[in-house]
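# Observations on chain architecture
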Amino acid sequence: LAKTTQPISMDSYEGQEVNITCSHNNIATNDYITWYQQFPSQGPRFIIQGYKTKVTNEVASLFIPADRKSSTLSLPRVSLSDTAVYYCLVGVPWGGYNKLIFGAGTRLAVHP
Amino acid sequence: DAGVIQSPRHEVTEMGQEVTLRCKPISGHDYLFWYRQTMMRGLELLIYFNNNVPIDDSGMPEDRFSAKMPNASFSTLKIQPSEPRDSAVYFCASTSTGDGYGYTFGSGTRLTVV
């Protein structure tokens with residue numbers, strides 16, 4: 001599984017757009033990029049997954065450049081309830097080797 | 001679906017006692033995972049099952065830990081004997097082959113060993 005590097009923590013204010021960048025220089029051809037969100041006292045929750053270019057859903061957008069060595073999770077107009085830890089993971093989600101290894105994640109604090 | 005169901009939510013036990021954590025995965029999911037989370041070590045994968053068969057238990061810390069999945073709707077993680085350093089939040093997650101990394105996690109069991 002490719003190693004990922006992301007900031008330990010970030011601060012933002014309500015209504016702002018937040019971009020969290022993750023580096024994965026050793027990403028393999030078949031690897032996908034997956035982001036999870038974890039609120040205090042809850043289990044992680046799947047947010048978004050992509051392979052290349054841009055993916056958008058009702059929660060976030062994921063931007064992946066052509067070389068795929070990094071990715072950016074974009075949260076539009078954050079609110080206090082977006083305060084959480086965000087994990088970036090890289091790997092092949094299908095097939096016989098199917099397990100997620102979590103890193104330290106990015107602790108996002110949204111302020112009023 | 002009620003999601004992944006874990007019990008109990010909280011467990012306080014004395015050192016040396018046996019502890020059993022329980023998990024009911026989402027119906028139809030063929031993968032089940034047990035994770036442990038602490039402030040110091042973050043989220044650690046302990047073991048995972050595919051179609052009720054243990055696939056990788058390399059994350060199980062020592063022989064005091066054991067996990068079983070007797071059928072597709074139930075799994076247990078047992079610690080015997082428990083030690084204070086086992087105090088953590090234990091999460092169970094499940095997914096199906098077609099969902100890839102779209103795991104669904106339970107709410108966790110907060111274990112305190114005193």
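Here the residue numbers are simple positions, counted from 1 along each chain's written sequence. Working convention: letters from A go to chains and numbers from 1 go to ligands, in the order in which they are written. Whole-chain, interface and lining totals are the exception, using all residues; otherwise, since this is a predicted model, local features are given only for residues with pLDDT of at least 70 and side-chain atom pairs are given and counted only at 80 or more. Just so you know, side-chain values use all the structure's heavy atoms and leave hydrogens and water out.

## A few points about the side chain of Thr 13 of chain B
Residue and element names in this part refer to chain B. Here is the rule we go by: Secondary structure elements follow DSSP: runs of H or I of four or more residues count as helices, runs of E of two or more count as strands, with numbering from the N terminus. Summary of the burial criterion: residues with accessible area below 20% of their type's maximum are buried, those above 50% are exposed, and those between are partly exposed, where the area comes from a 1.4 Å probe applied to protein chains only. Contact between two residues is taken to exist if any of their heavy atoms lie within 4.5 Å; hydrogens are not considered.
When you line up the elements, Thr 13 lands in strand β2 (residues 10-13). Its relative accessible area of 8% is what places Thr 13 among the buried residues. Among all residues touching Thr 13, those that are not within four sequence positions of it are Val 19, Ser 82, Leu 111, Thr 112, Val 113 and Val 114.

## Focus on the nonpolar core
Side chains of nonpolar character tend, in soluble globular proteins, to be buried together. The test is simple: Residues enter a nonpolar core if they are buried and are Ala, Val, Leu, Ile, Met, Phe, Trp, Tyr or Cys, with the set joined through side-chain atoms within 4.5 Å.
Trp 34, Leu 77 and Tyr 90 of chain B are the most contacted members of the largest nonpolar core, which has 21 residues in total. Taken together, the elements giving at least two residues each to this core come down to β3 (19-24), β4 (31-38), β5 (42-50), β7 (65-71), β8 (74-79), β9 (88-95) and β11 (109-113) of chain B. Of all hydrophobic cores here, the second largest spans 20 residues; its members include Ile 20, Ile 47, Ala 60 and Leu 75 of chain A.

## Some thoughts on the sheet that holds β3 of chain B
All names here are of chain B. Defined as follows: A pair of strands counts as paired when DSSP detects no fewer than two bridges linking them. Axis lines are fitted through C-alpha atoms, for helices just across the contact stretch, and the angle between N-to-C directions can take any value from 0 to 180 degrees.
The strand order across the open sheet built from four strands is β1-β3-β8-β7, with neighbouring strands paired in antiparallel fashion. In the strand order of this sheet, the two ends are held by β1 (5-7) and β7, each with one partner. Here the strands of the sheet are splayed against their neighbours by 15 degrees on average, with no regard to which way each runs. Pairing geometry for β7 and β8, over five bridges, is antiparallel. Across the sheet, Asn 71 pairs through a bridge with Phe 74, a residue of β8.

## Points about the pattern of salt bridges
Residue and element names in this part refer to chain B. Short version of the rule: Salt bridge, as applied in this entry: a Lys or Arg side-chain nitrogen positioned within 4 Å of an Asp or Glu carboxyl oxygen.
Taken as a whole, this structure holds eight salt bridges over all chains when the rule is applied. In this structure, Lys 78 engages Glu 18 in a salt bridge whose closest nitrogen and oxygen atoms are separated by 3.9 Å. Residue Lys 78 is located in strand β8, and its partner Glu 18 is located in the loop between β2 and β3; the two are separated by 60 residues in the primary sequence. For Arg 85, the salt bridge is made with Glu 62, and the minimal N-O distance between the two is 3.2 Å. Placement of the pair is Arg 85 in the loop between β8 and β9 and Glu 62 in the loop between β6 (53-56) and β7, with a sequence separation of 23 residues. Exposure remark for Arg 85: the relative accessible area of 54% places this residue in the exposed category. According to the relative accessible area criterion, Glu 62 is partly exposed, its value standing at 27%.

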